[in-house]
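Coordinates in review
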Amino acid sequence: MNTLNIFNILYTCTMLIPLMFLCIFPVRDYLRCRASALLLRSAACLVGFFLLSIPVSHLTILPTRFLLAMFAGVFFFYFYQQQLELPLNKSLFIFLTVYMISGFSRIFATLIDVSLHPDNTYQDISVEGFLFQLAFLTLADFVLYLPFTKYLGWLIAHFHSKVIWNYVCPFPFLCVIVTYILIPHNYSWMYIGRARFMYISVLTCLIILIVLLYMLFYQFVHTFTEKQNLEHHNEILSIQGAQYQQLLNSVRENSRIRHDFRHQLIVISELLNQKDYARLDTYVSSYIQSASTELTIYSDSPALNAILSYYESLCRDRNIRTEFSLKLPDQLPISEQDLCVMMGNLLENAVYGCEQAEAPYIQLKLVQTASSMLAMKIRNPYTDAVKSRNGSFLSSRHSGFGQGLESVRIIAEKYHGCMEIQTEQQIFTVKLLLQLT
């Protein structure tokens, strides 16, 4: 093992330290372990890389420094991917972006060497070039901290199109190849005519172009995502509007029944006066059968009573057993509209879910567990297979995600709460916990 190979390995290991921080900035919310554990793992990984690089550096097919750079890329990307809870394409995009920055740092270090040691080659980087590259990458950690955490971090968190991520991943990879091609292999070439001036000009234009392309990608994704979110929220509002219209129709129906009941009492009173009990029994039985909805008092909220009564009547018509249990204070600690929208969506899903079940039932519990906590649980049997993608459940009635559950999730987040869905033993259970402030 000669001194040059040892220097090349130590050089590569030293440059990797600031690059590790750049890799972590955009994905710090997706680490599988705590920062202290990651630090220890990274140190162990560097030691392992150093030991494995000793036999690799003896391979003479490619230049030692280039070979070590390629080996470091494969070795550390595998380590990087194992530490993240992210799809391969996202982690690869971040890793290649950082690798591209490493390539540019090497170019700048080489330019320093060109000025200080014109007789050297790119394989013989000087101590000054080494220190400049290390300083450049350390400075990059501070300069790029905000762009990486804010913008690249936002892309990782909010953009999930697998196809587009697959398409953009080759771009930083091509940039990595370009940076290594642009490294001057013979410093004497840079002193031919205006070669150095032209080289720096081309390099500046390339950097500006890459930065602009990254900005355009972010702007495109941001606009596309905002448009999707707007369309999604419009769908949610449309669902909520339809749900509230259904509630309003139910309330109007109950109001009409109560209004008409006064006339029914007149007929009943007249039959009593005539002591025509046979006709009275027939009339009352007929009226009970014709009453479409029987209003049950569950709480002090007329709207909540109406929507629960509506679904209770609907379940009764479809032979679905219901168990509704509510323990709420006189004054609801949550917006009546939000509560009714949540209740309507959950009950509608439950009614549809247990239609084919042999013994269909819907159990609903709504309790204020503390002055600032509201807990809800609804469960029903189901027969069709439940499908999910990226943590969201797909609708069984149309293509795409289930809008009802998504609406409930949005309302839960509005109240700083959480929603948990369980699908065990063919029982679909939704649990909600809302924080009321």
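See the structure printed just above.
What counts, and where the lines are drawn
- Residues numbered from 1 in each chain as written.
- Predicted model: local features only at pLDDT ≥ 70, side-chain atom pairs only at ≥ 80, totals over all residues.
- Heavy atoms only, no water.
- Helix = DSSP H or I, 4+ residues; strand = E, 2+ residues; numbered from the N terminus.
- Buried < 20%, exposed > 50% of the residue type's maximum accessible area, 1.4 Å probe, protein only.
- Areas by Shrake-Rupley, 256 points an atom, 1.4 Å probe, with all protein chains shown as cover.
- Pairing = 2+ DSSP bridges.
- Axes fitted to C-alpha atoms, helices over the stretch in contact; angles between N-to-C directions.
- Contact = heavy atoms within 4.5 Å.
- Expected span 1.5 Å × (residues − 1).
- Arc of directions from axis to C-beta.
- Bend = angle between axes of the 7 residues up to and from the residue.
- Lys, Arg positive; Asp, Glu negative; His and termini not counted.
- Salt bridge = Lys/Arg side-chain N within 4 Å of Asp/Glu carboxyl O.

The next thing to look at is the overall build of the protein. Of the regular secondary structure elements, the protein holds 13 helices and 7 strands. Residues counted as buried form 41% of the 437 residues belonging to the protein. On the protein, roughly 24,500 Å² of surface is accessible, and the fraction owed to carbon and sulfur atoms is 62%.

As a further point, take the sheet that holds strand E3 (residues 373–381). Backbone-to-backbone hydrogen bonds pair the strands of a sheet. The strands run either parallel or antiparallel. The 5 strands lie next to each other as E1-E2-E3-E7-E6, forming an open sheet whose pairing is mixed. Looking at strand neighbours, the two that pair on one side only are strand E1 (321–327) and strand E6 (418–424), the edges of this open sheet. Recorded for the sheet is a direction-independent mean angle of 10° between the axes of neighbouring strands. Summarising the sheet, E6 and strand E7 (residues 427–435) pair through 7 bridges and their orientation is antiparallel. If you follow Glu420 over to E7, its bridge partner there is Lys431. Helix-sheet contacts for helix H11 (residues 302–317) involve E1 and strand E2 (361–370), and the interaxial angle to E1 is about 165°. Taken strand by strand, helix H12 (residues 336–353) contacts E1, E2, E3 and E7, and its axis lies near 15° from that of E3.

Once that is clear, we can look at helix H2 (residues 35–56). For H2, with 22 residues, the first-to-last C-alpha span of 30 Å sits near the 32 Å given by 1.5 Å per residue. Those residues of H2 that sit buried are Leu38, Ser42, Cys45, Leu46, Phe49, Ser53 and Val56. Each buried residue of H2 sits inside an arc of 110° when the element is viewed along its axis, so together they form one side. The exposed residues of H2 that point more than 90 degrees off its buried face are Leu40 and Leu51.

Before going further, it helps to spend a moment on helix H6 (residues 145–158). Between its terminal C-alpha atoms H6 stretches 19 Å, which fits the 20 Å expected from 14 residues at 1.5 Å a residue. Approximately 25° is the largest bend angle found in H6, and it occurs at Leu152. Among the residues of H6, Phe148, Thr149, Leu152, Gly153, Trp154, Leu155 and Ile156 are the ones counted as buried.

Inspection of the secondary structure assignment puts Asp141 in helix H5 (residues 127–143). Of the side chains with opposite charge, Arg28 comes closest to the buried, unpaired Asp141, at an N-O distance of 13 Å.

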